[in-house]
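# Descriptive analysis of the structure
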Amino acid sequence: MTTLHPDFTLLAHNYVRAEVQDAADFVGDSLELARLATRTETPYLVVAGVDFMAETAAILNPDRTVLHPEPCSSCAMALRLAPTDVLAALAAHPDAAVVAYVNSTATVKAVADICCTSANAVQVVNSLDEDEVIFVPDRNLAAYVAARTEKTIFPVPATGCCPVHQALTVAEIRAARAAYPGAEVMVHPECPPAVQAEADFIGSTSAMIRRVGSTPAATVIVGTELGMIHRLEREAPAKRFVPASPFLICTDMKMITLASVEAAIATRSPVVTVPGRVAGRARAALERMLALPGL
Ligand code: SF4
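Residues numbered from 1 in each chain as written. Predicted model: local features only at pLDDT ≥ 70, side-chain atom pairs only at ≥ 80, totals over all residues. Heavy atoms only, no water.

## Some remarks on the site of the ligand
Taken together, Tyr15, Val50, Cys75, Ala76, Met77, Asn103, Cys162, Pro163, Glu190, Cys250 and Met253 make up all the residues around the ligand. In terms of residue class, the shell around the ligand is made up of nine nonpolar, one polar and one charged. (Near = heavy atom within 4 Å. Nonpolar A, V, L, I, M, F, W, Y, C, P; charged D, E, K, R; others polar.)

## Structural notes on the state of the cysteines
Throughout this description, disulfide means a covalent bond between two cysteine sulfur atoms. Under the defined criterion, the tally for this structure stands at zero disulfides. Sulfur of Cys115: no disulfide; nearest cysteine sulfur belongs to Cys116 and is 7.5 Å away. (Disulfide = S-S within 2.5 Å.)

## A short note on the pattern of salt bridges
According to the stated counting rule, one finds seven salt bridges in the structure shown. One salt bridge connects Arg174 with Glu198, and the closest N-O pair in it is separated by 2.7 Å. Remark: Glu198 occurs in the loop between α11 (193-196) and β10 (201-202) and Arg174 occurs in helix α10 (residues 170-179); sequence separation between them is 24 residues. (Salt bridge = Lys/Arg side-chain N within 4 Å of Asp/Glu carboxyl O. Helix = DSSP H or I, 4+ residues; strand = E, 2+ residues; numbered from the N terminus.)

## Quick notes on the domain arrangement of the chain
What the domain assignment lists for the chain is domain 1 (8-74 + 253-273), domain 2 (77-161 + 282-290) and domain 3 (168-247). Inter-centroid distance (C-alpha atoms) of domain 2 to domain 3 is 26 Å. Contact residues are listed per partner, giving eleven residues for domain 2 and ten residues for domain 3. Taking both partners together, domain 2 and domain 3 bury about 700 Å²; carbon and sulfur atoms supply 52% of that area. Area buried by domain 2 at its contact with domain 3 is led by Ser118, Asn140 and Tyr144, which between them contribute 58% of it. Put simply, domain 2 and domain 3 have zero salt bridges between them. One can count five residue pairs in polar contact (both at pLDDT 80 or more) joining domain 2 with domain 3. For the side of domain 2 that touches domain 3, the element with the most residues is helix α8 (residues 139-146), which contributes four residues. Among the residues making up the side of domain 2 that touches domain 3, the classes are represented as six nonpolar, three polar and two charged. (Domains from an automatic or database assignment. Contact = heavy atoms within 4.5 Å. Buried area = accessible area lost by both parts, 1.4 Å probe. Polar contact = N/O pair within 3.5 Å; in protein donor to acceptor, adjacent residues only side chain to side chain.)

And the structure:
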């Protein structure tokens, strides 16, 4: 339960503002928050993140009330894909399985066979019987997976990407390396493949946290959303963390403020609802992921 109120658990993504992370019961990536939401017992969950994260918490916790402090906070990548786009891809590739990155709407998850996160995408794809996979909605994460599996990957949409990570450039990585000789460069798999190729380490935010615990580098150049710097500084205070670019800001994540969290708790709103049929099908795709051994 959060210190803000005993009836509420506050779940915060690694990309939200520092003061919201500091007030949260749990801070993590999408997979961690999805898991943690099912392990808490308060009647209310408050999700400090974008809307698909609040939807996911509501889908996995149908007997509890999930609040999203700022309903306008949406993932720009998720919004670019409709379930009809997935069905059209399935018509073109009828033997393929559909893997939906959790950064997708509930309606897209509802037409997927299984979900994945950036932390487990390769394992999820390799767990499938099908040789062909329609991977939605991030082409960069799809490329990361395709390089690490024997499966044939069809990214849908072909232009799908996170606008924050897509903006990171090879020139920025090289400039950061020149400015901080000896530093380790970590980037997220939502970054373009050319940027990934420049990095010393590619991984989800949870993988980055594990990595900073073992890297010998005293300085780490961080190629993901800037909120992660605060999380890493808490995890490894002896190290120096430098953003790979000043432009790695997800404004939707930053819409969640401590004031909006407090208002949500005070008013017990806005409540997140997902229509029953959509929620049931999306839950099946999420639970199939969560049930995989070792993830
Ligand atoms: S950082 Fe990118 S993928 Fe994450 S919520 Fe923002 S727009 Fe979506």
